[in-house]
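Inside the fold
Take a look at the letters that make up each chain.
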Amino acid sequence: MANMLEHRGGTDSAAVPLPETGERVPAISWPIVGLLGLGIGTFGVSTWAALTGALPGIATIALSAASIFVLFTVLHDASHYSISTHRWVNVAFGRLAMFFVSPLISFKSFSFIHISHHRNTNDGDSDPDHFISASPRWQLLFRFPAMDLPYIGFLLRNIKRRPRGEVIETFGLVTFAVACIVGATMAGHLWTLAVIYLIPERVAMFILAWWFDWLPHHDLPDTQRENRYRATRNRVGGEWILTPLLLSQNYHLVHHLHPSIPFYRYVAAWRKNEQAYLDRDAALITAFGKELDAGSYDEWKRLNGQLASLLPVRVPAGSTATRATAHTIPVAEVRRLTADSVELTLDVPVDLRDQFAFRPGQHITVRHTADGEQIRRNYSLCTSAASGDVAIAVRRVAGGAFSNYAVESLSAGDSLEVMTPTGNFGPQLDALARDHIVAVAGGSGITPILSIVRTTMEIQTETRCTLFYGNRTADTTMFVDELRDLEYRYADRLSVVHIRSAEQNHPAALQGRINIDLITRLLRDDLASVDSWFLCGPAEMTTALYGSLIEQGVPDDRVNIELFHGVQRSSEPDGCTAATATVTLSGIDHEVEVAPGDSILEASLRGGLDAPYACLGGACGTCTAKVVAGTTTMDQNFALDKGRVEAGYVLTCQARPTSPSLAVDYD
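Below is a short write-up of the structure. (Residues numbered from 1 in each chain as written. Predicted model: local features only at pLDDT ≥ 70, side-chain atom pairs only at ≥ 80, totals over all residues. Heavy atoms only, no water.)

Details of the environment of Tyr81
Note the threshold: Only DSSP runs of H or I with at least four residues qualify as helices, and only runs of E with at least two residues qualify as strands; both kinds are numbered from the N terminus onward. A 1.4 Å probe rolled over the protein chains alone gives each residue an accessible area, and that area as a share of the maximum for its type sets the label: buried under 20%, exposed over 50%, partly exposed in between. Contacts between residues were defined by any pair of non-hydrogen atoms, one from each residue, lying within 4.5 Å.
Mapped onto the elements, Tyr81 comes out in the loop between helix 2 (57–79) and helix 3 (87–101). Among the residues examined, Tyr81 registers a relative accessible area of 3% and is labelled buried. Residues within four places of Tyr81 in sequence aside, it is in contact with Val25, Arg87, Asn90, Val91, Phe107, Lys108, Asp485, Tyr488 and Arg489.

Right, here's the structure in full:
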């Protein structure tokens, strides 16, 4: 149940949902392309002017400083991966811009530091920008041009946590920068280098510290965790001049609430969501420094602005298919994740998209013929349920007929026979929820967890999530880049903790296998205070954690587990009987005879029915049907929640009759 959000205004800010902004990361951000060209072109002109004496030194310094200031926005958007949906484009733009802004740290290091600012805004030493935003006014003139010093210090304090390649790149850049200065000094060209770069870089740093750090954050006591609507502010009014002059950072609050929105869409996002922000007492100030609350903003707006519309939140509805049905679907893309795993994106035809819509945590069944025998394998969907994309991840299993084929031979353009989504592992999405969810994944168990995290962060804009992800090494970790991008995008609400069992260079506190002791030690909240738990991974890990959480007092209905494989029953349970069963499938009733101890699914398949199924072990839920007459017993159930069982639903691969007549409905 969503908790109520208290704030300074005394009004219930959770009563109005924060709506979908309608803004998406573009395939390519052309305004950023323009800024990159403008910045580098201007720097080139100023360099030429400095070398030829075509302009006074003060003019070349101003031009170079302006170009570095512009290139910071390129770097800033790249660090939030909002330049392009292609990750490598953001990295390429970020590295190029970083070289001009400050060649003392790498782009990846800057991204880490900047995301730490988002996650810990105004929180003392945990916020690298607090050096500027909390500065006494008499020190501002000295701190503004030195804003990169706390960044370097922050990086050094966390150097052991950073990837080796990132550290090497930073060290190489520092070495290059020092070599350039030493070389210019020895050659007698230090002043030329100072005019072209060293002085303009300090001037640009001064302006960036003033406009990007101090103006949005000064004198705001709330941290991002305490109240993210008042950890930074919007500066309203004068948008016609402030927006192009500050490159949209006058609406810095929108950026902190929606970090992945491209810079040039901040104002539009505010106008679409205005009332929702006001209901949460967002921090506002006029262009001339007057603080506004919701009431005074309305009056100011009446005189100076216009009302804007409010967009509704769209919660994914799930598949329209009444049961799992098979379709032949082309493969749009096969993307390598690790040496032994791939992501398969399906090109679902337009007329089937409603049937392949899904809820986060659901899976699809792949039917594959190998050596003349049809096999069925379940794979969880790993994309956001709100994205419209349908993709699964497949990790090679020793002797796996389909997994080996997918990893070694499958390519874009091939087709797969897949069934519509099923399963009940996932949250009940509520746009008003202000929950804390904890997800625990081991190995390929990340696939449904990734979908849950992606969807929940997008839909439930007040919810925060902690993800514990266990793997042997970084090289065997699936979706490592995607998880890093999500952390950058939802910096103040999402924390991903990587646990490694066979990587010596990993921090000692994060080495080993995931268990309840490790989670208790690392989790900042009490176990029982977590609103929802989602566990998926090896059966031993998942079941052990489930039992430990229940023992620690976590209510059973808050703990959700997903097993990729059930356990085949070894003996016939008591109370079973032979029965005549009426099975409804695709609107047609079929009569089948169920032998003593047989499951309803076994009898249905033996009777020639194309009943849906996959794992045969009670784990996937593909074979779910409703008992409409008679009684049954299930040997085991890892897929249906208590409510669905009480409503009469069973896993037909596990359900056997306990009455002589029976009727079940797959539809």
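From this point on, the discussion continues.
Examining the pairing of strand 21 (residues 661–665)
Condition: For two strands to pair, DSSP has to find at least two bridges joining them.
Across five bridges, strand 15 (residues 579–585) lies against strand 21 in parallel orientation. Each bridged residue has a counterpart across the sheet, and for Thr584 the counterpart in strand 21 is Asp665.

Considerations on the packing of aromatic side chains
The description of an aromatic ring pair rests on the distance of the ring centres and on the angle between the ring planes. Put simply, the rule reads: Think of it this way: a Phe, Tyr or Trp ring, Trp meaning its six-membered ring, pairs with another when their centres are within 6.5 Å, and the plane angle makes it stacked under 30 degrees, edge-to-face over 60, tilted otherwise. A ring is scored as having a charge over it whenever the NZ atom of a lysine or the CZ atom of an arginine sits within 6 Å of its centre and within 35 degrees of its normal.
All chains considered together, the criterion is met by 20 aromatic pairs. Centre to centre, the rings of Phe69 and Phe212 are 6.0 Å apart; their planes meet at 80°, and the pair counts as edge-to-face. You can see Phe69 sitting in helix 2 and its partner Phe212 sitting in helix 9 (residues 190–217), a full 143 residues away along the chain. By the burial criterion, Phe69 is buried, and Phe212 matches it. Between Arg143 and the ring centre of Phe131, over which it is positioned, the NZ or CZ distance is 4.7 Å. Over the ring of Phe112 we find Arg162; its NZ or CZ atom is 3.9 Å from the centre of that ring.

A few points about the nonpolar core
The tendency in soluble globular proteins is for nonpolar side chains to be buried side by side. Rules: In this text, buried Ala, Val, Leu, Ile, Met, Phe, Trp, Tyr and Cys residues form a nonpolar core when linked through side-chain atoms within 4.5 Å.
One finds Val74, Leu75, Trp270 and Tyr297 to be the most contacted residues of the largest nonpolar core, which totals 68 residues. Considering each element in turn, this core owes the most residues, 10 residues, to helix 9. Here Leu75 is in contact with Gly94, Ala97, Met98, Val101, Phe107 and Phe110, once residues within four sequence places are set aside. Judged by nonpolar contacts, the second largest core, of 26 residues, contains Ala393, Ile437, Ala439 and Phe479.

Description of the sheet that holds strand 3 (residues 291–292)
The three strands are arranged 1-2-3 in an open sheet whose pairing can be described as mixed. The sheet is open, and its two borders are formed by strand 1 (234–236) and strand 3, each paired with just one other strand. One ladder, built from three bridges, connects strand 1 with strand 2 (residues 284–286); its direction is parallel. Bridge pairing links Val236 to Thr286 in strand 2.

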